[in-house]
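So you can see what is in the structure, the chains are spelled out below.
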Amino acid sequence: VQVPAVKVSASPSGKASRSVTLTFTAIPQKGMTIERISAAELSDSVALDTNSLQCTLTENLSDVIELEIQCTSDGTPRKLTIPIRVEVDNIDRIAPEITGAHWMDAMEGTSNEEVRKQVMESLSITDDISEGGNKAYAGIADVRCEMNSENISFTGGSVHVTAVDYAGNTSSKTIGIQPRFQ
């Protein structure tokens, strides 16, 4: 019995993402016509054409998916079940974690840049990846620190810190700044 080859592609691959689109393409052998491809385990899958099936994953996956392929081979109708090993480990839906004090004192006359530096040094910013993911995809891509005052050590105010991981998940924390006069 002839069996079609199956190509599996994932997009994006090689970088963290909030979701991954898998495409399964059945490649017919000589004398074969593919009529339909489906996968019962992938409930949200969509047939792109008679040879291709696509689904979007929002969780990491390491499993065998059974593709059902209806085809005609040398004039004989067939229904084939082909097991395909699928490994997706780059989905990250967990935002970075910012921990630290909610308030800080700033000595009168301290520059905004120095206050910003003290705030950033006081915080811990960490990132993890969704269950089943490869830790290599975790990490902080960007940290922004914004102040709501031009002279924060005199007027007080707040510093807003935003952390973004490689998949685009975002978290933020606001730290109140209390002026401390000498």
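Before going into details, it helps to say that this report is about the structure given with it. Please read these numbers as outputs of a predicted model, since none were measured by experiment.

### Structural notes on the side chain of Ser38
Its place among the elements puts Ser38 in strand β3 (residues 32–38). At 3.5 Å, the side chain of Ser38 forms a polar contact with the side chain of Arg36.

### What to know about helix α1 (residues 112–122)
Of the residues making up α1, those classed as buried are Asn112, Val115 and Val119. Seen from one end, α1 has its buried residues packed into an arc of 60 degrees, which puts them on one side. Where the residues of α1 are buried, they touch β9 (103–107), β11 (140–147), α2 (152–155), β12 (157–165) and β13 (170–180).

### Observations regarding the sheet that holds strand β7 (residues 76–88)
With respect to topology, three strands assemble into an open sheet ordered β3-β6-β7, the strand pairing being antiparallel. Two strands close off the open sheet at either side, each with one partner strand: β3 and β7. Here the strands of the sheet are splayed against their neighbours by 30 degrees on average, with no regard to which way each runs. Of the pairings in the sheet, the one linking β3 to strand β6 (residues 61–73) comprises six bridges and is antiparallel in character. Within β6, the position partnered with Ser38 by the bridge is Glu68.

Calculation rules
Residues numbered from 1 in each chain as written. Predicted model: local features only at pLDDT ≥ 70, side-chain atom pairs only at ≥ 80, totals over all residues. Heavy atoms only, no water. Helix = DSSP H or I, 4+ residues; strand = E, 2+ residues; numbered from the N terminus. Polar contact = N/O pair within 3.5 Å; in protein donor to acceptor, adjacent residues only side chain to side chain. Buried < 20%, exposed > 50% of the residue type's maximum accessible area, 1.4 Å probe, protein only. Arc of directions from axis to C-beta. Contact = heavy atoms within 4.5 Å. Pairing = 2+ DSSP bridges. Axes fitted to C-alpha atoms, helices over the stretch in contact; angles between N-to-C directions.

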